[in-house]
Protein chains: 2
Amino acid sequence: MSWKLDSDRPIYTQLIEILKIEIVSGKLPPGSKFKSVRDLAMEAGVNPNTMQRAFAELEDLELLRTERTSGRFVTEDAELIGKTRDAIASAQFDLFAEKMEQLGFSKRELVDFVNKKVEVESDG
Amino acid sequence: MSWKLDSDRPIYTQLIEILKIEIVSGKLPPGSKFKSVRDLAMEAGVNPNTMQRAFAELEDLELLRTERTSGRFVTEDAELIGKTRDAIASAQFDLFAEKMEQLGFSKRELVDFVNKKVEVESDG
DNA sequence: ATTACTGTATTAAGCGCTTAATACAATAAT
DNA sequence: ATTATTGTATTAAGCGCTTAATACAGTAAT
(Lines give C-alpha, C1' and ligand atoms only; values in the text may rest on other atoms or scores of the structure.)
Protein backbone atom coordinates (compact mmCIF):
# COMPACT_ATOMS: atom_id res chain seq x y z
CA MET A 1 0.00 0.00 0.00
CA SER A 2 0.96 3.68 -0.16
CA TRP A 3 1.23 4.75 3.52
CA LYS A 4 1.97 8.34 2.62
CA LEU A 5 1.13 9.87 5.98
CA ASP A 6 1.49 13.55 6.77
CA SER A 7 1.52 15.09 10.21
CA ASP A 8 -1.10 17.68 9.34
CA ARG A 9 -4.08 15.46 10.04
CA PRO A 10 -4.78 12.65 12.51
CA ILE A 11 -3.09 9.47 11.31
CA TYR A 12 -6.09 7.30 12.00
CA THR A 13 -8.18 9.46 9.67
CA GLN A 14 -5.63 9.03 6.92
CA LEU A 15 -5.47 5.29 7.50
CA ILE A 16 -9.23 5.11 7.12
CA GLU A 17 -9.07 6.87 3.77
CA ILE A 18 -6.22 4.73 2.48
CA LEU A 19 -7.83 1.46 3.51
CA LYS A 20 -11.21 2.53 2.20
CA ILE A 21 -9.75 3.20 -1.21
CA GLU A 22 -7.89 -0.11 -1.21
CA ILE A 23 -11.19 -1.86 -0.62
CA VAL A 24 -13.49 0.01 -3.00
CA SER A 25 -10.92 0.04 -5.80
CA GLY A 26 -10.81 -3.74 -5.69
CA LYS A 27 -7.15 -4.00 -4.77
CA LEU A 28 -8.34 -5.85 -1.72
CA PRO A 29 -10.98 -8.15 -3.25
CA PRO A 30 -14.36 -8.80 -1.56
CA GLY A 31 -14.09 -11.59 0.98
CA SER A 32 -10.31 -11.51 1.10
CA LYS A 33 -8.47 -11.66 4.37
CA PHE A 34 -6.85 -8.62 5.89
CA LYS A 35 -3.47 -8.54 7.51
CA SER A 36 -3.51 -8.46 11.30
CA VAL A 37 -3.62 -5.25 13.28
CA ARG A 38 -0.04 -5.67 14.43
CA ASP A 39 1.34 -6.55 11.00
CA LEU A 40 -0.41 -3.73 9.20
CA ALA A 41 0.57 -1.29 11.93
CA MET A 42 4.21 -2.28 11.59
CA GLU A 43 4.01 -2.05 7.81
CA ALA A 44 2.52 1.44 8.02
CA GLY A 45 4.91 2.49 10.74
CA VAL A 46 2.20 3.35 13.24
CA ASN A 47 1.16 2.12 16.65
CA PRO A 48 -1.19 -0.89 16.70
CA ASN A 49 -3.70 1.15 18.69
CA THR A 50 -3.86 3.68 15.89
CA MET A 51 -4.43 1.03 13.25
CA GLN A 52 -7.07 -0.57 15.43
CA ARG A 53 -8.89 2.72 15.60
CA ALA A 54 -9.01 2.91 11.81
CA PHE A 55 -10.31 -0.65 11.60
CA ALA A 56 -13.10 0.14 14.04
CA GLU A 57 -14.35 2.88 11.73
CA LEU A 58 -14.25 0.60 8.67
CA GLU A 59 -16.32 -1.91 10.59
CA ASP A 60 -18.89 0.72 11.45
CA LEU A 61 -19.16 1.35 7.72
CA GLU A 62 -19.45 -2.41 7.23
CA LEU A 63 -16.62 -2.44 4.73
CA LEU A 64 -14.85 -4.88 7.04
CA ARG A 65 -16.15 -7.66 9.22
CA THR A 66 -14.37 -9.26 12.14
CA GLU A 67 -14.08 -13.01 12.59
CA ARG A 68 -13.44 -13.04 16.30
CA THR A 69 -10.01 -14.65 16.37
CA SER A 70 -9.16 -15.60 12.82
CA GLY A 71 -8.87 -12.06 11.52
CA ARG A 72 -10.71 -9.49 9.44
CA PHE A 73 -12.23 -9.81 6.00
CA VAL A 74 -13.33 -7.43 3.29
CA THR A 75 -17.11 -7.22 2.86
CA GLU A 76 -18.69 -9.14 -0.02
CA ASP A 77 -21.44 -6.56 -0.43
CA ALA A 78 -20.67 -5.44 -3.99
CA GLU A 79 -23.36 -2.77 -3.94
CA LEU A 80 -21.94 -1.17 -0.81
CA ILE A 81 -18.49 -1.18 -2.35
CA GLY A 82 -19.76 0.41 -5.55
CA LYS A 83 -21.76 3.07 -3.77
CA THR A 84 -18.86 3.92 -1.52
CA ARG A 85 -16.56 4.26 -4.51
CA ASP A 86 -18.95 6.65 -6.22
CA ALA A 87 -19.42 8.61 -3.02
CA ILE A 88 -15.68 9.08 -2.58
CA ALA A 89 -15.23 10.17 -6.19
CA SER A 90 -18.07 12.66 -5.93
CA ALA A 91 -16.82 14.04 -2.64
CA GLN A 92 -13.33 14.45 -4.05
CA PHE A 93 -14.67 16.25 -7.09
CA ASP A 94 -16.80 18.53 -4.95
CA LEU A 95 -13.78 19.52 -2.89
CA PHE A 96 -11.82 20.26 -6.05
CA ALA A 97 -14.68 22.17 -7.69
CA GLU A 98 -15.24 24.26 -4.57
CA LYS A 99 -11.64 25.36 -4.46
CA MET A 100 -11.63 26.17 -8.16
CA GLU A 101 -14.76 28.24 -7.76
CA GLN A 102 -13.21 30.12 -4.84
CA LEU A 103 -10.19 30.78 -7.03
CA GLY A 104 -12.50 32.42 -9.54
CA PHE A 105 -12.66 29.65 -12.15
CA SER A 106 -15.97 29.33 -14.01
CA LYS A 107 -17.41 25.90 -14.76
CA ARG A 108 -16.11 26.15 -18.30
CA GLU A 109 -12.68 27.20 -17.11
CA LEU A 110 -12.63 24.28 -14.70
CA VAL A 111 -13.34 21.83 -17.51
CA ASP A 112 -10.75 23.46 -19.74
CA PHE A 113 -8.22 23.31 -16.94
CA VAL A 114 -8.86 19.61 -16.38
CA ASN A 115 -8.60 18.80 -20.08
CA LYS A 116 -5.34 20.65 -20.36
CA LYS A 117 -3.83 18.98 -17.31
CA VAL A 118 -4.84 15.49 -18.46
CA GLU A 119 -3.43 16.08 -21.93
CA VAL A 120 -0.14 17.33 -20.55
CA GLU A 121 0.21 14.35 -18.23
CA SER A 122 -0.62 11.93 -21.02
CA ASP A 123 1.45 13.37 -23.86
CA GLY A 124 4.60 14.10 -21.86
CA MET B 1 -15.34 35.29 4.20
CA SER B 2 -16.24 31.64 4.54
CA TRP B 3 -14.69 30.53 7.87
CA LYS B 4 -15.76 26.93 7.43
CA LEU B 5 -13.36 25.38 9.92
CA ASP B 6 -13.30 21.71 10.78
CA SER B 7 -11.61 20.13 13.77
CA ASP B 8 -9.81 17.54 11.68
CA ARG B 9 -6.87 19.76 10.82
CA PRO B 10 -5.02 22.56 12.60
CA ILE B 11 -7.05 25.74 12.43
CA TYR B 12 -4.08 27.91 11.55
CA THR B 13 -3.48 25.75 8.47
CA GLN B 14 -7.06 26.22 7.35
CA LEU B 15 -6.86 29.95 7.96
CA ILE B 16 -3.79 30.12 5.73
CA GLU B 17 -5.62 28.38 2.92
CA ILE B 18 -8.71 30.54 3.23
CA LEU B 19 -6.79 33.81 3.32
CA LYS B 20 -4.51 32.71 0.51
CA ILE B 21 -7.50 32.08 -1.72
CA GLU B 22 -9.09 35.40 -0.79
CA ILE B 23 -5.93 37.14 -1.94
CA VAL B 24 -5.12 35.27 -5.14
CA SER B 25 -8.75 35.26 -6.30
CA GLY B 26 -8.75 39.04 -6.13
CA LYS B 27 -11.48 39.30 -3.50
CA LEU B 28 -8.91 41.15 -1.44
CA PRO B 29 -7.37 43.45 -4.08
CA PRO B 30 -3.60 44.06 -4.30
CA GLY B 31 -2.53 46.83 -1.96
CA SER B 32 -5.77 46.78 0.02
CA LYS B 33 -5.71 46.92 3.78
CA PHE B 34 -6.35 43.87 5.90
CA LYS B 35 -8.47 43.77 8.99
CA SER B 36 -6.54 43.68 12.25
CA VAL B 37 -5.49 40.45 13.90
CA ARG B 38 -8.01 40.90 16.68
CA ASP B 39 -10.92 41.80 14.40
CA LEU B 40 -10.33 38.97 11.96
CA ALA B 41 -9.83 36.53 14.82
CA MET B 42 -13.15 37.53 16.36
CA GLU B 43 -14.87 37.31 12.98
CA ALA B 44 -13.50 33.83 12.40
CA GLY B 45 -14.22 32.76 15.96
CA VAL B 46 -10.63 31.87 16.77
CA ASN B 47 -8.00 33.10 19.19
CA PRO B 48 -5.93 36.09 18.08
CA ASN B 49 -2.78 34.02 18.55
CA THR B 50 -4.05 31.51 16.02
CA MET B 51 -4.85 34.18 13.46
CA GLN B 52 -1.47 35.75 14.04
CA ARG B 53 0.17 32.45 13.28
CA ALA B 54 -1.61 32.28 9.93
CA PHE B 55 -0.58 35.84 9.10
CA ALA B 56 3.05 35.03 9.81
CA GLU B 57 2.97 32.31 7.18
CA LEU B 58 1.38 34.60 4.59
CA GLU B 59 4.14 37.11 5.22
CA ASP B 60 6.76 34.44 4.69
CA LEU B 61 5.12 33.84 1.33
CA GLU B 62 5.17 37.60 0.75
CA LEU B 63 1.47 37.66 0.00
CA LEU B 64 1.10 40.09 2.89
CA ARG B 65 3.34 42.86 4.13
CA THR B 66 3.24 44.43 7.56
CA GLU B 67 3.26 48.16 8.09
CA ARG B 68 4.55 48.16 11.63
CA THR B 69 1.65 49.83 13.41
CA SER B 70 -0.86 50.79 10.76
CA GLY B 71 -1.79 47.29 9.78
CA ARG B 72 -1.27 44.71 7.07
CA PHE B 73 -1.66 45.05 3.32
CA VAL B 74 -2.07 42.67 0.39
CA THR B 75 0.98 42.45 -1.85
CA GLU B 76 0.93 44.37 -5.13
CA ASP B 77 3.07 41.80 -6.87
CA ALA B 78 0.64 40.71 -9.58
CA GLU B 79 2.98 38.04 -10.88
CA LEU B 80 3.30 36.43 -7.46
CA ILE B 81 -0.46 36.45 -7.10
CA GLY B 82 -0.96 34.89 -10.51
CA LYS B 83 1.64 32.20 -9.95
CA THR B 84 0.24 31.35 -6.56
CA ARG B 85 -3.25 31.03 -8.01
CA ASP B 86 -2.03 28.66 -10.69
CA ALA B 87 -0.04 26.68 -8.16
CA ILE B 88 -3.06 26.21 -5.92
CA ALA B 89 -5.25 25.15 -8.81
CA SER B 90 -2.67 22.65 -10.02
CA ALA B 91 -2.12 21.25 -6.55
CA GLN B 92 -5.85 20.84 -6.03
CA PHE B 93 -6.21 19.06 -9.35
CA ASP B 94 -3.30 16.77 -8.57
CA LEU B 95 -4.90 15.78 -5.27
CA PHE B 96 -8.16 15.05 -7.04
CA ALA B 97 -6.50 13.15 -9.89
CA GLU B 98 -4.46 11.06 -7.48
CA LYS B 99 -7.54 9.93 -5.60
CA MET B 100 -9.39 9.15 -8.80
CA GLU B 101 -6.47 7.08 -10.03
CA GLN B 102 -6.36 5.20 -6.75
CA LEU B 103 -10.07 4.53 -7.14
CA GLY B 104 -9.33 2.91 -10.47
CA PHE B 105 -10.49 5.67 -12.82
CA SER B 106 -8.55 6.03 -16.05
CA LYS B 107 -7.65 9.47 -17.42
CA ARG B 108 -10.55 9.23 -19.84
CA GLU B 109 -12.94 8.17 -17.11
CA LEU B 110 -11.77 11.07 -14.97
CA VAL B 111 -12.55 13.55 -17.74
CA ASP B 112 -15.92 11.93 -18.40
CA PHE B 113 -16.71 12.06 -14.71
CA VAL B 114 -15.88 15.75 -14.51
CA ASN B 115 -17.94 16.58 -17.59
CA LYS B 116 -20.91 14.72 -16.21
CA LYS B 117 -20.70 16.39 -12.82
CA VAL B 118 -20.39 19.86 -14.28
CA GLU B 119 -23.34 19.30 -16.59
CA VAL B 120 -25.50 18.05 -13.75
CA GLU B 121 -24.65 21.00 -11.56
CA SER B 122 -25.30 23.45 -14.37
CA ASP B 123 -28.53 21.99 -15.79
CA GLY B 124 -30.14 21.27 -12.44
C1' DA C 1 -0.26 64.90 25.61
C1' DT C 2 -3.63 61.56 25.61
C1' DT C 3 -6.18 57.90 23.63
C1' DA C 4 -6.95 54.18 20.69
C1' DC C 5 -5.36 50.95 17.73
C1' DT C 6 -1.56 48.48 15.46
C1' DG C 7 1.58 44.17 15.70
C1' DT C 8 4.03 41.18 18.81
C1' DA C 9 5.46 38.17 22.74
C1' DT C 10 4.89 35.26 26.85
C1' DT C 11 3.01 31.95 30.06
C1' DA C 12 -0.10 28.48 31.60
C1' DA C 13 -3.73 25.41 30.98
C1' DG C 14 -6.64 22.06 28.42
C1' DC C 15 -7.51 18.78 24.86
C1' DG C 16 -7.00 15.19 21.34
C1' DC C 17 -3.84 12.24 18.90
C1' DT C 18 -0.14 9.10 19.27
C1' DT C 19 2.90 6.01 21.28
C1' DA C 20 4.57 2.56 24.56
C1' DA C 21 3.97 -1.18 27.40
C1' DT C 22 1.26 -4.34 28.85
C1' DA C 23 -2.45 -7.73 29.65
C1' DC C 24 -6.43 -10.81 28.63
C1' DA C 25 -9.66 -13.99 26.03
C1' DA C 26 -10.50 -16.87 22.17
C1' DT C 27 -9.08 -19.86 18.60
C1' DA C 28 -6.08 -21.90 14.98
C1' DA C 29 -2.05 -24.59 14.44
C1' DT C 30 1.17 -27.99 16.12
C1' DA D 1 -1.97 -29.91 25.72
C1' DT D 2 0.88 -26.38 24.20
C1' DT D 3 2.05 -22.55 21.39
C1' DA D 4 1.22 -18.87 18.40
C1' DT D 5 -1.82 -15.63 16.62
C1' DT D 6 -6.04 -13.23 16.56
C1' DG D 7 -8.77 -9.03 18.35
C1' DT D 8 -9.35 -6.09 22.29
C1' DA D 9 -8.63 -3.12 26.42
C1' DT D 10 -6.11 -0.19 29.72
C1' DT D 11 -2.91 3.12 31.58
C1' DA D 12 0.51 6.63 31.40
C1' DA D 13 3.32 9.70 29.04
C1' DG D 14 4.56 13.08 25.39
C1' DC D 15 3.52 16.34 21.86
C1' DG D 16 1.34 19.96 19.10
C1' DC D 17 -2.62 22.90 18.59
C1' DT D 18 -5.62 26.05 20.78
C1' DT D 19 -7.22 29.16 24.04
C1' DA D 20 -6.97 32.61 27.70
C1' DA D 21 -5.00 36.32 29.88
C1' DT D 22 -1.88 39.46 29.79
C1' DA D 23 1.76 42.82 28.62
C1' DC D 24 4.69 45.88 25.77
C1' DA D 25 6.21 49.04 21.91
C1' DG D 26 5.10 51.96 18.17
C1' DT D 27 2.10 55.14 15.71
C1' DA D 28 -2.17 57.39 14.05
C1' DA D 29 -5.88 60.20 15.56
C1' DT D 30 -7.76 63.59 18.70
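Reading the values: rules and limits
Residues numbered from 1 in each chain as written. Chains lettered and ligands numbered in written order. Predicted model: local features only at pLDDT ≥ 70, side-chain atom pairs only at ≥ 80, totals over all residues. Heavy atoms only, no water. Phe/Tyr/Trp six-rings, centres within 6.5 Å; stacked < 30°, edge-to-face > 60°. Buried < 20%, exposed > 50% of the residue type's maximum accessible area, 1.4 Å probe, protein only. Lys NZ or Arg CZ within 6 Å of the ring centre and 35° of its normal. Core = buried A, V, L, I, M, F, W, Y, C linked by side-chain atoms within 4.5 Å. Helix = DSSP H or I, 4+ residues; strand = E, 2+ residues; numbered from the N terminus. Contact = heavy atoms within 4.5 Å. Polar contact = N/O pair within 3.5 Å; in protein donor to acceptor, adjacent residues only side chain to side chain.

K.L.:
When you look at the packing of aromatic side chains in this model, what are you seeing that I'm missing?
P.N.:
Aromatic ring pairs: the centre-centre distance and the angle between the two ring planes describe each pair. The tally for this structure, following the rule as stated, stands at seven aromatic pairs over all chains. Plain terms: the ring middles of F105(B) and F113(B) are 5.6 Å apart, the flat faces sit at 75° to each other, and that makes the pair edge-to-face. Across the pair, F113(B) and F105(B) agree in class, each one buried. Of the aromatic side chains, those joined through ring pairs into one cluster are F93(A), F96(A), F93(B) and F96(B). Stacked on the ring of Y12(A), the Lys or Arg R53(A) has its end atom at 3.9 Å from the ring centre.

K.L.:
How should the nonpolar core be read in this particular structure?
P.N.:
One broad rule of soluble globular proteins: the nonpolar side chains tend to lie buried together. Core analysis: the largest hydrophobic core is formed by 32 residues, its most contacted members being F93(A), L110(A), F93(B) and L110(B). Contributing elements (two or more residues each) for this core: α1 (11-24), α4 (78-102) and α5 (107-123) of chain A together with α1 (11-24), α4 (78-102) and α5 (107-123) of chain B. In contact with F93(A), other than residues within four places in its own chain, are L110(A), F96(B), F113(B), V114(B), K117(B), V118(B) and E121(B).

K.L.:
Before we go on, may I ask you to explain the side chain of R72(A) in this structure?
P.N.:
Residue and element names in this part refer to chain A. Tracing the sequence through the fold places R72 in strand β2 (residues 71-74). Judged by relative accessible area, R72 falls into the buried class, the value being 13%. A distance of 3.4 Å separates polar atoms of two side chains, one belonging to R72 and the other to T66. Discounting residues that sit within four places of it in the chain, R72 has contacts with S32, K33, F34, V37, Q52, F55, E59, L64, R65 and T66.

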